[in-house]
Amino acid sequence: MSSGSKINTIGVLTSGGDAPGMNAAIRAVVRSAIAHGKKVKGIKRGYSGLLKGEIIDMDARSVSDIVQRGGTILQTARCVEMTTKEGQEEAAKAIKAAGIDGLVVIGGDGSFRGALALSTYGVNVVCIPGTIDLDVSCSDYTIGFDTAVNTAMAAIDKVRDTSTSHQRCSIIEVMGRNAGYLALWCGLANGAEDILLPEFYDFDEQKIVDHIMENRKRGKKHHIIINAEGIGHSMGMAQRIEAATGLETRATILGHMQRGGSPTCKDRVAATTMGCYAVDTLCQGKKNRVIVEKRGMITDFDIEEALQMEKELPEYQVSISRELAI
């Protein structure tokens, strides 16, 4: 098995939320597999497409000119059926019927749980972390985060310009689900006065009001608040803060613009490296692995072990974000 002789056909799918760099990962999987003498099948629309038999043959030309494109050429979807035993059994049957010997899944924790379920039915799976939220516990980095945080940073810079001109308070809501990585990085990069993180926020808006008033006494005429998606309710928060402070307050929800756009160099290189590593892992005879970045190195963990890991926001960055908000 060390030569990968039992792996003849490799399947690849993208699942869950799309992330910039997914196309670079797909390209790497397809071309690396071909270089190893393997056939490749692309599965469209994630697990949902798998259950519907949306499986296509792929060659080197199938992934030409996609490394710079955002989104995913294989498309993606949420799949409720994969949370059921019946759906998992049908998905495993579909993989075997398509002649796929090893499956590469590109997505987040939810996608990994689907892959773990497939492994219990004898499907050989390898996962690649692709999510803008950076919330995959086993990996220091996830494909798409760098592009998303740069997209948000540029948008917040523009909001700051108009906020300064009008001497407003601006609440800018960024994505990230229940994780605060995007909010924390944007807050540090954009010099925000307040950063609201799901991991630490106590929903005491009076603290924010007091901070705004203290800064106004110091002569500060505007105030930037980065609000994480996991907290949300930015519009209502803006109304309450304006009523309490008398300072015109506007809310901006950046939304899905953070998912799109051409991936940065970091995301292209990380996705390419992880994609090739995933194919190497299958061809080496390893089973049920997650490809991760740890301390700057690419390595792999058992899926079950990886899903049990925990990850926290870096305490030092959280502390300096507060220290610098004077």
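**Brief notes about the pattern of salt bridges**
Throughout the structure, instances matching the rule amount to 14 salt bridges. Ionic pairing is found between Arg177 and Asp133, a salt bridge with its closest N-O pair at 3.2 Å. Placement of the pair is Arg177 in the loop between strand E6 (169–174) and helix H6 (181–190) and Asp133 in the loop between strand E5 (125–129) and helix H5 (145–166), with a sequence separation of 44 residues. A residue is classified by how much of its surface remains accessible, and Arg177, at 41% relative accessible area, is partly exposed. When its relative accessible area of 3% is taken as the criterion, Asp133 is described as buried. What you see here is one network of salt bridges that share partners, running through Asp133, Asp135 and Arg177.

**Some points on the side chain of Ser15**
Position of Ser15 relative to the elements: it lies in the loop between strand E1 (9–14) and helix H1 (22–35). Of the residues examined, Ser15 reaches a relative accessible area of 6% and is grouped as buried. Within polar-contact distance, the side chain of Ser15 engages the side chain of Ser111 at 3.0 Å. In contact with Ser15, other than residues within four places in its own chain, are Met22, Tyr47, Thr76, Ala77, Ile106, Gly107 and Ser111.

**Digging into the pairing of strand E4 (residues 102–107)**
The buried fraction of E4 is high, at six of six residues. Burial of E4 is two-sided: the residues Gly102, Val104 and Ile106 facing one way and the residues Leu103, Val105 and Gly107 facing the other way are all buried. In this structure, E1 lies alongside E4, joined through five bridges in parallel fashion. Within E4, the position partnered with Val12 by the bridge is Val104. As defined by bridge partners, E4 adjoins E5 across five bridges and the pair is classed as parallel.

**Focus on helix H9 (residues 265–283)**
Taking 1.5 Å as the rise per residue, H9 with 19 residues should run 27 Å; its terminal C-alpha atoms sit 27 Å apart, in good agreement. Listing the buried residues of H9 in full gives Asp267, Ala270, Ala271, Met274, Gly275, Ala278, Val279, Thr281, Leu282 and Cys283. Of the residues one or two after H9, Gly285 is the one with positive phi, at around 90°.

**Section: the packing of aromatic side chains**
For the coordinates displayed, the defined rule picks out three aromatic pairs. Arranged with centres 5.1 Å apart and planes meeting at 90°, the rings of Phe145 and Trp185 form a pair that is edge-to-face. With Phe145 in helix H5 and Trp185 in helix H6, this pair connects stretches of sequence that are 40 residues apart. For Phe145, a relative accessible area of 2% corresponds to the buried category. Take Trp185: its relative accessible area is 38%, and that puts it in the partly exposed class. Summarising the aromatic geometry, the rings of Tyr201 and Phe203 are spaced 4.8 Å apart at their centres and angled 55° between planes, so their arrangement reads as tilted. Classification of Phe203 by relative accessible area gives exposed; the value is 57%. Taken together through their ring pairs, the aromatic side chains of Tyr141, Phe145 and Trp185 make up a single cluster. Geometry around Tyr181 places Lys311 over its ring, the cationic atom sitting 5.1 Å from the centre. A cation over an aromatic ring shows up here: Arg322 above the ring of Phe200, its NZ or CZ 5.4 Å from the ring centre.

**Overview of the packing of helix H7 (residues 205–217) against helix H8 (residues 234–245)**
At a minimum axis separation of 10 Å, H7 and H8 run at an interaxial angle of 50°. In terms of axis orientation, H7 runs oblique to H8. As for the relative orientation of H7 and H8, their crossing is right-handed in sense. Only Met237, Arg240, Ile241, Ala244 and Thr245 of H8 make contact with H7, whose side of the interface consists of Glu205, Ile208, Val209, Ile212 and Met213. Of the residues contributing to the contact of H7 with H8, the split by class is seven nonpolar, one polar and two charged.

**As for the sheet that holds strand E11 (residues 297–302)**
Pairing within the open sheet is mixed, and its seven strands lie in the order E3-E2-E1-E4-E5-E10-E11. The sheet is open, and its two borders are formed by strand E3 (55–58) and E11, each paired with just one other strand. Across the sheet, the axes of successive neighbouring strands diverge by a mean angle of 25°, strand direction being ignored. In terms of strand pairing, E5 meets strand E10 (residues 289–294) through two bridges, oriented parallel. Bridged to Val126 within E10 is Arg289.

Definitions and cut-offs
- Residues numbered from 1 in each chain as written.
- Predicted model: local features only at pLDDT ≥ 70, side-chain atom pairs only at ≥ 80, totals over all residues.
- Heavy atoms only, no water.
- Salt bridge = Lys/Arg side-chain N within 4 Å of Asp/Glu carboxyl O.
- Helix = DSSP H or I, 4+ residues; strand = E, 2+ residues; numbered from the N terminus.
- Buried < 20%, exposed > 50% of the residue type's maximum accessible area, 1.4 Å probe, protein only.
- Polar contact = N/O pair within 3.5 Å; in protein donor to acceptor, adjacent residues only side chain to side chain.
- Contact = heavy atoms within 4.5 Å.
- Pairing = 2+ DSSP bridges.
- Expected span 1.5 Å × (residues − 1).
- Phe/Tyr/Trp six-rings, centres within 6.5 Å; stacked < 30°, edge-to-face > 60°.
- Lys NZ or Arg CZ within 6 Å of the ring centre and 35° of its normal.
- Axes fitted to C-alpha atoms, helices over the stretch in contact; angles between N-to-C directions.
- Parallel < 35°, antiparallel > 145°, perpendicular 65-115°, else oblique.
- Left-handed = near helix turned anticlockwise from the far one by under 90°.
- Nonpolar A, V, L, I, M, F, W, Y, C, P; charged D, E, K, R; others polar.

Limitation: the analysis is restricted to geometry and does not speak to function.
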